[in-house]
Amino acid sequence: DHDGIDPHGWLDPDNAVLWLGAIAQELGQIDPDHAGIYATNAALAKERIAALDATIATLLEPVKSRGFVTFHAAYGYFAAHYGLAGAGALALGDAATPGAARLAGLRADLEAGRYLCAFPEVQHDPVLMDQLLTGTAVRKGAALDPVGSNLDIGPNGYEQLMLGLAQGLAACLTG
């Protein structure tokens, strides 16, 4: 259940930039011999995130007003940062099963044309999403991965995660 504070703060690049400074500072205190390296790496990462942010904003600009629904309520920070139309969610949390009232309300929204696309997630079985979409005009987009579970570990992980989300959304919401 994601009541209260949304735990997906990394999906807002402004948070990522803020955290870079805090992480570099903490690492520098723990390992003062390499504090300069941590600070330099954080500064370079901030520049890369700024460029990534501009790329994503440009990619999503044409689809900002198009509604979409996701498997779970993980994309609030992302949607708010990029000014995307309100995103609905099948489940409130990644471990929460939606109840009958939630499913009925979401189905009514789908049938009313509130959403253009629906996105399953790589960590979850898409069967419930598929059932919900049956008989509607809502398109099924690529499975999203808000935590990067399918990415190779490496220095470009954040960029791959964020760009992957943006490209997945844009591909379905375009047209």
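As the structure is a computational prediction, the values presented were derived from the model and not from experiment. (Residues numbered from 1 in each chain as written. Predicted model: local features only at pLDDT ≥ 70, side-chain atom pairs only at ≥ 80, totals over all residues. Heavy atoms only, no water.)

### A word on the overall build of the chain
The secondary structure content of the chain amounts to 6 helices and 4 strands. N-terminal to C-terminal, the α/β element order of the chain is α-α-β-α-β-α-β-α-β-α. Taking the principal axes of its C-alpha atoms as reference, the chain extends roughly 60 × 30 × 25 Å. Taking all 175 residues of the chain together, the buried fraction comes to 39%. The long-range share in the chain, meaning contacts at least 24 apart out of those at least 6 apart in sequence, stands at 61%. Counting every atom, the chain has about 9100 Å² of accessible surface; 58% of that belongs to carbon and sulfur. Each charge class in the chain can be summarised by its mean position, and for the 9 positive and 20 negative side chains these summaries are 12 Å apart. (Helix = DSSP H or I, 4+ residues; strand = E, 2+ residues; numbered from the N terminus. Buried < 20%, exposed > 50% of the residue type's maximum accessible area, 1.4 Å probe, protein only. Contact = heavy atoms within 4.5 Å. Areas by Shrake-Rupley, 256 points an atom, 1.4 Å probe, with all protein chains shown as cover. Lys, Arg positive; Asp, Glu negative; His and termini not counted. Charge placed at Lys NZ, Arg CZ, Asp CG, Glu CD.)

### Points about the sheet that holds strand 2 (residues 87-91)
The strands making up a sheet associate through backbone hydrogen bonding, with each pair oriented either parallel or antiparallel. In spatial order, the strands read 2-1-3-4; together these 4 strands make up an open sheet with parallel pairing. Each end of this open sheet is capped by a strand with a single partner; those strands are strand 2 and strand 4 (139-140). Summarising the sheet, strand 3 (residues 117-119) and strand 4 pair through 2 bridges and their orientation is parallel. Across the sheet, the residue bridging to A118 is K140, located in strand 4. Taken strand by strand, helix 4 (residues 100-111) contacts strand 1 (68-72) and strand 2, and its axis lies near 145 degrees from that of strand 2. This element, helix 6 (residues 157-173), spans strand 1, strand 3 and strand 4 of the sheet and lies at about 150 degrees to strand 3. (Pairing = 2+ DSSP bridges. Axes fitted to C-alpha atoms, helices over the stretch in contact; angles between N-to-C directions.)

### Brief notes about the packing of helix 2 (residues 35-60) against helix 6
Where helix 2 contacts helix 6, the axes come no closer than 10 Å and their chain directions differ by 5 degrees. The pairing of helix 2 with helix 6 is recorded here as roughly parallel in orientation. Across the interface between the two elements, R48, I49, L52, T55, I56, L59 and L60 of helix 2 pack against Y158, E159, M162, L163, A166, Q167, L169 and A170 of helix 6. Residue composition of the contact of helix 2 with helix 6, by class: 11 nonpolar, 2 polar and 2 charged. (Parallel < 35°, antiparallel > 145°, perpendicular 65-115°, else oblique. Nonpolar A, V, L, I, M, F, W, Y, C, P; charged D, E, K, R; others polar.)

### Points about the layout of surface pockets
When its volume is computed, the largest pocket comes out at roughly 370 Å³. Taken together, 16 residues make up the lining of the largest pocket; nearest its centre are L20, I23, A45, I49 and Y158. Elements that contribute at least two residues to the lining of the largest pocket include exactly helix 1 (13-30), helix 2 and helix 6. Classifying every residue of the lining of the largest pocket gives 13 nonpolar, 1 polar and 2 charged. (1 Å grid on protein atoms, 1.4 Å probe; cavity = no way out; pocket = protein on both sides within 12 Å on 5 of 7 lines; lining within 4 Å. Points joined across faces, edges and corners; volume = space filled by probe spheres on them.)

### Quick notes on the packing of aromatic side chains
Tallied over the full model, the rule gives 2 aromatic pairs. Arranged with centres 6.0 Å apart and planes meeting at 80 degrees, the rings of F68 and F119 form a pair that is edge-to-face. Of this pair, F68 sits in strand 1 while F119 sits in strand 3, placing them 51 residues apart in sequence. The residues F68 and F119 share a single accessibility class, namely buried. Plain terms: the ring middles of F78 and Y82 are 5.0 Å apart, the flat faces sit at 55 degrees to each other, and that makes the pair tilted. In this pair, F78 and Y82 are both assigned in helix 3 (residues 76-82), 4 residues apart and thus about one turn of the helix distant. Accessibility expressed as a relative area gives 1% for F78, which makes it buried. (Phe/Tyr/Trp six-rings, centres within 6.5 Å; stacked < 30°, edge-to-face > 60°.)

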